[in-house]
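# A closer look at the structure
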Amino acid sequence: MGALGAAVPLRLARSQARVTQPTEFVIRNAYVLTMDGALGDLPNADVHVRNGAIAAVGRALQAPGAEPIDGAGMLVLPGLVETHWHIWGTLLRSLSGDRQEHGYFPTSRTVGTFYTANDMYVAARLAAAEAVNSGITFVHDWCHNVRSPEFAESDLRALAEAGIRARFSYGSPTGASNDAPIDLADLARLQTRWKDYANGGLLTLGLAWRGAASEASLRDRTRAVELGLPISVHANNFKTSAGGIAALAKANLLDSRTQVIHAIWSTPEEIRALADSGSSVSVSPYTELRIGFGMPIVADFRAAGIEVGLSVDTPALSGNADMFAIMKAIQNIENGRATDEFKMTARRALELGTIGGARSMGLGDSIGSLVPGKRADLIMVNTRMVNLAVVSEPAHLLVEAAQPANVDTVVVDGKILKRGGALTQVDVGAIVDEAAAAYAALHKRSGWTWPESPG
Ligand SMILES: [Zn+2]
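Anyway, here's the lowdown on the structure attached to this text.

About the criteria used
Residues numbered from 1 in each chain as written. Predicted model: local features only at pLDDT ≥ 70, side-chain atom pairs only at ≥ 80, totals over all residues. Heavy atoms only, no water. Helix = DSSP H or I, 4+ residues; strand = E, 2+ residues; numbered from the N terminus. Rg over C-alpha atoms; globule rule 2.2 N^0.38 Å. Lys, Arg positive; Asp, Glu negative; His and termini not counted. Charge placed at Lys NZ, Arg CZ, Asp CG, Glu CD. Donors = N, O, S within 2.8 Å, 3.2 Å for Na, K, Ca; no water. Buried < 20%, exposed > 50% of the residue type's maximum accessible area, 1.4 Å probe, protein only. Phe/Tyr/Trp six-rings, centres within 6.5 Å; stacked < 30°, edge-to-face > 60°. Lys NZ or Arg CZ within 6 Å of the ring centre and 35° of its normal. Expected span 1.5 Å × (residues − 1). Polar contact = N/O pair within 3.5 Å; in protein donor to acceptor, adjacent residues only side chain to side chain. Contact = heavy atoms within 4.5 Å. Core = buried A, V, L, I, M, F, W, Y, C linked by side-chain atoms within 4.5 Å. Pairing = 2+ DSSP bridges. Salt bridge = Lys/Arg side-chain N within 4 Å of Asp/Glu carboxyl O.

Looking now at the overall build of the protein chain. A tally of regular secondary structure across the protein chain gives 16 helices and 17 strands. Here the protein chain has a C-alpha radius of gyration of 21 Å; the compact-globule value for 455 residues is 23 Å, and the two agree. Its C-alpha atoms give the protein chain principal-axis dimensions of about 60 × 50 × 50 Å. Across the protein chain, the mean location of the 41 positive side-chain charges is 3 Å away from that of the 46 negative side-chain charges.

For the zinc ion, the protein coordination sphere consists of His 84 (NE2), His 86 (NE2) and His 234 (NE2), at 2.1 Å. Counting the intervening residues between successive donors of the zinc ion yields the motif H-x1-H-x147-H. On the basis of relative accessibility, which here comes to 0%, the residue His 84 falls in the buried class. The exposure class assigned to His 86 is buried, which follows from its relative accessible area of 3%.

As a further point, take the packing of aromatic side chains. By the definition in use, this model includes 6 aromatic pairs. Look at Phe 105 and Phe 238: their rings are 5.7 Å apart centre to centre, the planes differ by 40°, and that puts the pair in the tilted class. Of this pair, Phe 105 sits in helix H2 (residues 104-112) while Phe 238 sits in the loop between strand E10 (231-235) and helix H7 (244-250), placing them 133 residues apart in sequence. Residue Phe 238 is classed as partly exposed on the basis of its relative accessible area of 35%. Aromatic side chains Phe 168 and Tyr 170 sit 6.3 Å apart centroid to centroid with 90° between the ring planes, which places their arrangement in the edge-to-face category. Taking the relative accessible area as the measure of exposure, Phe 168 reaches 1% and is therefore buried. When its relative accessible area of 0% is taken as the criterion, Tyr 170 is described as buried. Site record: aromatic cluster; members linked through ring pairs are Tyr 104, Phe 105, Phe 238 and Phe 293. Arg 157 extends its terminal NZ or CZ atom over the ring of Tyr 121, reaching a point 4.4 Å from the ring centre. Above the face of the Trp 209 ring, Arg 221 is positioned so that its terminal group lies 5.7 Å from the ring centre.

Across its 17 residues, helix H3 (residues 117-133) extends 24 Å between first and last C-alpha, which sits within 8% of the 24 Å expected from 1.5 Å per residue. Among the 17 residues that make up H3, 15 are buried, leaving the element largely enclosed by the rest of the structure.

Given a rise of 1.5 Å per residue, 16 residues ought to cover 22 Å, and the 23 Å separating the end C-alpha atoms of helix H12 (residues 323-338) matches this to within 8%. Along H12, the positions that sit buried rather than exposed are Met 323, Phe 324, Ala 325, Ile 326, Met 327, Ala 329, Ile 330, Gln 331, Ile 333, Glu 334 and Asn 335. One side-chain oxygen of the residue at the start of H12 lies 3.0 Å from the amide nitrogen of Phe 324, identifying that residue as Asp 322. Positive phi appears at Thr 339, one or two residues downstream of H12, with a value of about 40°.

Within the secondary structure layout, Leu 442 lies in helix H16 (residues 428-446). What makes Leu 442 buried here is its relative accessible area of 0%. Sequence-distant contacts of Leu 442, that is, excluding residues within four places in its chain, are made with Leu 91, Val 111, Phe 114, Tyr 115, Asp 119 and Gly 447.

Judged by nonpolar contacts, the single largest core of 109 residues is most densely connected at Trp 85, Tyr 115, Phe 301, Phe 324, Leu 350 and Leu 398. Sort the elements by how many residues they give to this core and H3 lands first, with 12 residues. Excluding residues that lie within four positions of it along the chain, Leu 350 makes contacts with Leu 33, Met 35, Leu 77, Met 327, Ala 395, Leu 398 and Val 399. Judged by nonpolar contacts, the second largest core, of 19 residues, contains Val 32, Val 47, Ile 69 and Met 380.

Looking now at the sheet that holds strand E7 (residues 136-143). Read across the open sheet, the 8 strands follow the order E6-E7-E8-E9-E10-E11-E12-E13; overall the sheet is parallel. Every interior strand has two partners, whereas the edge strands, strand E6 (80-81) and strand E13 (308-310), have only one.

For Ser 177, the location among the structural elements is in the loop between strand E8 (165-170) and helix H5 (184-192). Since its relative accessible area comes to 41%, Ser 177 is described here as partly exposed. Measuring from C-alpha to C-alpha, the distance between Ser 177 and Ala 216 comes to 9.8 Å, with 39 residues separating the pair along the chain. At 2.9 Å, the side chain of Ser 177 forms a polar contact with the backbone nitrogen of Asp 179.

Turning our eyes to something else, we now look at the pattern of salt bridges. Any two side chains of opposite charge can pair, so long as their charged atoms come close to each other. One pass over the full model with this rule turns up 21 salt bridges. In this structure, Glu 434 engages Arg 125 in a salt bridge whose closest nitrogen and oxygen atoms are separated by 3.0 Å. Placement of Glu 434 in helix H16 and of Arg 125 in helix H3 is noted, with a sequence separation of 309 residues between them. Note on Arg 125: relative accessible area 10%, which makes it buried. Glu 393 is paired through a salt bridge with Arg 347; the nearest N and O atoms lie 3.1 Å apart. Of the two residues, Glu 393 is situated in the loop between strand E14 (378-382) and helix H15 (394-400) and Arg 347 in helix H13 (residues 346-353); the sequence distance between them amounts to 46 residues. You can call Glu 393 partly exposed: its relative accessible area is 29%.

Moving on, we come to the pairing of strand E16 (residues 415-419). As judged from the 3 bridges shared by strand E15 (residues 407-412) and E16, these two strands associate in the antiparallel manner. Residue pairing across strands places Val 411 opposite Ile 416, the latter belonging to E16. The antiparallel hairpin formed by E15 and E16 contains 2 residues in its connecting segment, where Asp 413 sits at a positive phi of about 55°. When E16 meets strand E17 (residues 422-423), the two strands line up antiparallel, connected through 2 bridges. From the neighbouring strand, Arg 419 faces E17, where its bridge partner is Ala 422. Hairpin remark: E16 followed by E17, antiparallel, with 2 residues in the connecting loop; positive phi at Gly 420, about 60°.

Pasting the structure below:
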């Protein structure tokens, strides 16, 4: 499976399903958190899924012919929405060392130049499997290591095979000069042929933008706008990069197609500029804290009306892709910053991980809440586990106590990707073995090591 030959058409790869999938099923007698303002929470309720969409949500639904799924003891909620993850870096899990020369940036920029296209495939397979296992149904794959068209193809192929919903944002090769443009011809080719890559609409395309770093990077953005693509950019992450958002605003480079990542060192004027432009923000508390960028300021963004999504960023720093922990961190950071037990409720944190994240990616009309007509991206969390008993208030429980191991079932676009706590569509052992082999080979090729690490 790991060998990468000539590009395999994604439509063929999609048919490799290991488990027969019902086209219609109904989850019975669950506690349903719709995350929709009007529908609210529904105890002892059902969710009817048909042809990839949510057909109905309510009590004692009539669904003749639908395969029943027992929801007793389960919390059913929208799939968790992840908004910025350098998927290729998942092979570098916990590889950021303890000294300046072995920190995240030298590590990823050095080892990243030794990647092969197959490493992109293996990393994306691992990341997608971890995402689904953790209850994440959408990822934003911020790909800043496109070293050739085959690198992008390999990454996309893995995402399609995994069956996850994703935006693939096309970027430059890691370590490239800011004066070098990204492969704009390949970006345009992908956009033109996107239906061959979109996996039935699950995958979308965007630009992983370096910001206004050079004439070349500005041309990248102009071309992406011409192609009608959404744009994502890191800004104001380092204390020394404060003022970056002001510069973007001044150059008229903020708009509703743009997602700004981190945005930690933002002044009130910059927050206002983000809000006025309609830009969204993605924050990644575990990497922002681990690398010492600073504290995410979600409450400030939300108070200004900015859509905010939560993110993994890179397992090289975050270690894992636990969105429950990420929601919990954000709630705790906001309460800690405000010295106020009640600054951010668990419900608000859960919104950030579901409907808020979906809105921040421009997908609020199709995913992020359990509303009839939306695509069926949902998860079932099993409360009959030692870390979730007793069942008190479901939103608090999900944000404060739940872990990926509690995710019993994951559905993306009506397809069941995890059931009974096990991934249904992929061979986890093979994925882990392939990742280990790819990392060992990368380690050997790059010679990258640090004193604290064995081998
Ligand atoms: Zn990032």
